[in-house]
Amino acid sequence: MVLNPIFLSCLLSVPWNISLEKVAPLLPIKQGSVQKVKDTASLKQVLESGIENATVLVADGIYDIAEPIYIQRGRNIVLRGASNDPTKTVLRGKGFFEGKPDDDLLRIGKVENVTIAYLTFTECRSYGIKVEAENFPKDVHIYSCHFKNIGTRMIKGSTSQQGMAVGGSIRYCRFENTKIPPHEWLFEGDYITAIDMMALDGWQISDNFFKDIKGRNGGARGAVFIWVRSRNVTVERNAIVNCDRGISFGNPSGSSNYVPGQEHIRNSIIRNNFIVPGPDAGIELWWADHIKVYNNTIWRDDAEGPGLRGGADEWKITHVDVVNNLVRGTNMLAGGVRLRSNLFFSDFPIDALDPHRTNLRLAPFSEKVVNKGTPLQEVVDDFEGRPRKATPDIGAVETMEGRSQIETNP
């Protein structure tokens with residue numbers, strides 16, 4: 001599906017009062033020894049040495065990765081680009097098409113308190129970063145990194161029947177592809193996405209930007225895809241634009257790592273996200289329990305396509321609370337779902353959007369969304385981090401005095 005060009009120009013080509021792509025606050029240099037590296041060999045040697053209490057500063061340049069770098073053990077490590085600019089420090093694989101399965105760039109094993117920041121991961125067939133939950137990592141944080149043209153998963157979280165990745169985050173990162181897998185790859189070229197992680201506990205995925213993550217046939221997995229024994233996960237304030245699918249909690253196909261009697265994900269929340277999905281769903285839920293879907297904006301080009309989906313038949317979802325979501329698209333949720341204060345624009349024509357002064361709640365419907373939401377103790381701010389009013393708006397963005405919700409400059 002091709003998004004309406006007027007709509008896309010509003011999203012991507014004009015100066016926004018609210019930017020979909022956010023600027024990350026600068027991380028301070030962490031205390032501990034500082035090790036500077038300037039070539040691939042020294043980078044690999046330092047990271048695979050089991051270092052502790054150290055900051056590894058990677059000089060500007062392109063680092064060609066012929067085989068995965070594996071931080072198998074270590075604690076209190078910061079790996080960061082020296083210039084604090086991810087575009088200047090690039091870890092490059094063998095190529096999107098030229099690489100082979102298992103040609104990951106960086107693997108994370110049994111570590112504790114590791115931060116990866118200000119790096120670009122690009123041009124590999126498999127994984128940009130692989131976090132191995134089967135090895136019980138703790139506090140892995142990925143911050144202000146760029147991921148581009150990676151053929152399977154930009155960030156992958158693996159697991160086995162046991163193991164958890166506890167207390168991590170992915171924040172202020174950029175995910176974009178300009179290439180699409182060929183038909184002969186897995187699932188006819190649809191086995192691709194940005195974040196696919198399993199066995200998470202206490203993770204935060206926030207303030208990231210996703211663009212053009214697509215499969216060969218429009219069936220790429222969720223740009224954010226969390227499943228298999230995950231719990232206490234927060235996905236908030238992300239912008240997902242022109243990706244096949246938006247946010248997926250759980251997998252309808254099950255998994256070889258699925259433990260009978262356990263959900264794919266529980267006790268988690270999806271809030272304040274802005275999603276312009278492609279042919280597939282904006283938000284989907286499968287094998288999920290105690291999930292909160294609050295104050296998201298989903299805006300489809302095809303109003304009859306799935307806005308919210310999941311939970312039919314054997315793919316049960318229970319104790320799901322859906323509140324204050326602004327959705328252009330259809331509601332395809334079934335099962336244990338409570339819908340409150342939702343607005344569906346299933347029949348609103350997309351070409352009625354004003355390309356000169358775009359308001360994603362739209363003036364004809366402002367009386368239905370502004371100050372019409374249900375106050376929620378779990379939603380104190382909006383997509384931009386601004387505080388919610390006592391009587392909040394519906395959707396990801398709160399109206400502020402003197403301006404519309406998301407609009408171009410006059």
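Quick note: structure is the one above.
Let us look at the structure shown here. (Residues numbered from 1 in each chain as written. Predicted model: local features only at pLDDT ≥ 70, side-chain atom pairs only at ≥ 80, totals over all residues. Heavy atoms only, no water.)

### Some words on the overall build of the protein
Then, in step 1: Along the protein, the regular secondary structure elements total four helices and 34 strands.
Then, in step 2: A total of 410 residues make up the protein; the buried ones form 60% of that total.
Then, in step 3: Restricting to contacts in the protein with at least 6 residues of sequence separation, those with at least 24 account for 73%.
Then, in step 4: For the protein, the computed accessible surface area is about 15800 Å², with 50% contributed by carbon and sulfur atoms. (Helix = DSSP H or I, 4+ residues; strand = E, 2+ residues; numbered from the N terminus. Buried < 20%, exposed > 50% of the residue type's maximum accessible area, 1.4 Å probe, protein only. Contact = heavy atoms within 4.5 Å. Areas by Shrake-Rupley, 256 points an atom, 1.4 Å probe, with all protein chains shown as cover.)

### Topic: the packing of aromatic side chains
Then, in step 1: Enumeration over the complete set of coordinates arrives at 11 aromatic pairs.
Then, in step 2: Ring centres of Tyr143 and Tyr172 lie 5.7 Å apart, and the angle between their planes is 65°; on these two criteria the pair is classed as edge-to-face. Note that Tyr143 is positioned in strand E9 (residues 138-143) and Tyr172 in the loop between strand E13 (169-171) and strand E14 (174-176), a separation of 29 residues in sequence. The exposure classification of Tyr143 matches that of Tyr172, with both residues buried.
Then, in step 3: Between the aromatic rings of Phe175 and Phe210, the centroid separation amounts to 4.6 Å while the plane-to-plane angle is 5°, which identifies the pairing as stacked. Linking Phe175 in strand E14 with Phe210 in strand E18 (residues 209-211), this pair joins segments that are 35 residues apart in sequence. The same class applies to Phe175 as to Phe210, namely buried.
Then, in step 4: Of the aromatic side chains, those joined through ring pairs into one cluster are Phe121, Phe147, Phe175 and Phe210.
Then, in step 5: Taking NZ or CZ as reference, Lys22 lies 4.0 Å from the ring centre of Phe383, over its face. (Phe/Tyr/Trp six-rings, centres within 6.5 Å; stacked < 30°, edge-to-face > 60°. Lys NZ or Arg CZ within 6 Å of the ring centre and 35° of its normal.)

### Observations regarding the pairing of strand E2 (residues 52-58)
Then, in step 1: Of all seven residues in E2, five are buried, a share of seventy percent or more.
Then, in step 2: As paired strands, strand E1 (residues 33-37) and E2 are joined by five bridges and run parallel to one another. Pairing of Lys36 across the sheet is with Leu57, part of E2.
Then, in step 3: Since E1 and E2 lie parallel, the crossover through helix H2 (residues 40-47) that links them has a hand, and here it is right-handed. (Pairing = 2+ DSSP bridges. Right-handed = clockwise from strand over helix to strand, strands pointing away.)

Treat this as a map of the structure, not an account of what it does.
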